[in-house]
Amino acid sequence: MEVEVKLRLPDSNAHQKLSTVLSLFRVKTLAQENIFFDSKNSQLTSNLAVLRLRFYNLDSHCVLSLKAKPTISNGISRVEEQEEPLDPQIGRMCVAEPWRLGSLENSNIIGRVRDEFGVKEKEGFVCLGGFRNVRQVFDWKGLKLELDETIYDFGTSYEIECESKDPEKDKRLIEGMLKENGIEFSYSEVNKFAVFRSGKLPK
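Residues numbered from 1 in each chain as written. Predicted model: local features only at pLDDT ≥ 70, side-chain atom pairs only at ≥ 80, totals over all residues. Heavy atoms only, no water.

**Q** Tell me about the nonpolar core, and please be specific about residues and values.
**A** L51, L53, L64, L101 and V113 are the most contacted members of the largest nonpolar core, which totals 21 residues. Those elements that provide at least two residues to this core are β2 (26-39), β3 (49-56), β4 (61-73) and α3 (108-117). (Core = buried A, V, L, I, M, F, W, Y, C linked by side-chain atoms within 4.5 Å. Buried < 20%, exposed > 50% of the residue type's maximum accessible area, 1.4 Å probe, protein only. Helix = DSSP H or I, 4+ residues; strand = E, 2+ residues; numbered from the N terminus.)

If you want it as structure tokens, here you go:
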């Protein structure tokens, strides 16, 4: 189970201000491309599951992931997550020809998609599209903060995330830092995939 604090920033000004505040703690910046898949009968999304390929820094590496049973409340997200590394060249082939996902014989994720969600190889996969994300990673007070600028076809959103074992405590700490620096925020109410599928930015 992945547990994260997710706080939404209202605009690029708040994003830039927070980036500046945290600049001394920056560890790295990642360029991510997220591409999503489902069966032709939408068996994954209808069961609140998400199959994703994520490419990092162009094609330096690639990760296949399956997320399921997401909940988000008061800025704290919980979701079952399973990840596997994948050769970026194979990942690109799967984007171009989604049926190839079904031929990843050594993938526990694809095996789970078949067994748990009933996606049969003959039914095949379809590509749902995706979005890009620029993620700045900071090591701040023992927390790994991830500041995201997410670029959808219909607009750009901004968010700060922190994977946590004590989310209530860490949320208070992050909120304190934001308030101290006059940075507006709100609790994220939906995840990025839900925003992507809705075709509009959260209000």
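**Q** Explain unusual backbone geometry to me, using residue names and the numbers behind them.
**A** Its identity is not glycine, yet N57 carries a phi of approximately 45°, on the positive side. Positive phi is not limited to glycine here, since L58 has a value of about 65°. Residue position: L58 is located in the loop between β3 and β4.

**Q** Any chance you could break down the environment of S188 for me, citing the residues and the numbers?
**A** Structurally, S188 is set in the loop between β9 (186-187) and α5 (192-198). S188 gets classed as buried once you look at its relative accessible area, which sits at 4%. Among the polar contacts listed, one links the side chain of S188 to the side chain of E159, at a separation of 2.5 Å. (Polar contact = N/O pair within 3.5 Å; in protein donor to acceptor, adjacent residues only side chain to side chain.)

**Q** How would you sum up the pairing of β2? Please name residues and give values.
**A** Each regular strand carries side chains that alternate between the two faces of the sheet. As paired strands, β2 and strand β6 (residues 125-140) are joined by 13 bridges and run antiparallel to one another. If you follow S39 over to β6, its bridge partner there is F125. Here β2 pairs with β3 via six bridges, running antiparallel. For F36, the partnering residue across the bridge sits in β3 and is R52. (Pairing = 2+ DSSP bridges.)

**Q** For the pattern of salt bridges, give the residues involved together with the corresponding values.
**A** Applying the stated rule across the entire model yields 18 salt bridges. With its nearest N and O atoms 2.8 Å apart, the salt bridge here joins R135 to D148. Remark: D148 occurs in strand β7 (residues 143-152) and R135 occurs in strand β6; sequence separation between them is 13 residues. D148 gets classed as buried once you look at its relative accessible area, which sits at 0%. (Salt bridge = Lys/Arg side-chain N within 4 Å of Asp/Glu carboxyl O.)

**Q** Before we move on, can you summarise the environment of R26 with the specific residues and values?
**A** Position of R26 relative to the elements: it lies in strand β2. C-alpha separation for the pair R26 and E146, spaced 120 residues apart in sequence, amounts to 9.7 Å. With near-sequence residues (within four places) excluded, R26 lies in contact with S19, Q136, V137 and F138. A polar contact is formed between the side chain of R26 and the side chain of S19, at a distance of 2.9 Å. (Contact = heavy atoms within 4.5 Å.)

**Q** Tell me about α3, and please be specific about residues and values.
**A** Considered for burial, the residues of α3 that qualify are I109, I110, G111, R112, V113 and F117. For α3, the side-chain oxygen to backbone nitrogen distance between the N-cap and I109 is 3.3 Å, and the N-cap itself is S107. With its phi angle positive at about 70°, G118 sits one or two positions after the end of α3.

**Q** Explain the packing of aromatic side chains to me, using residue names and the numbers behind them.
**A** Taken as a whole and assessed by the stated rule, the structure comprises seven aromatic pairs. Both rings, one in F193 and one in F196, keep their centres 6.2 Å apart while their planes meet at 45°; by these two values the pair is tilted. On the criterion of helical spacing, the pair formed by F193 and F196 is a turn pair, its members being three residues apart in helix α5. Here F193 and F196 have matching classes, each one buried. Aromatic ring contacts, followed pair by pair, group F36, F131, Y152, F154, F193 and F196 into a single cluster. If you follow R92 out to its NZ or CZ, it ends over the ring of F55, 3.8 Å from the centre. (Phe/Tyr/Trp six-rings, centres within 6.5 Å; stacked < 30°, edge-to-face > 60°. Lys NZ or Arg CZ within 6 Å of the ring centre and 35° of its normal.)

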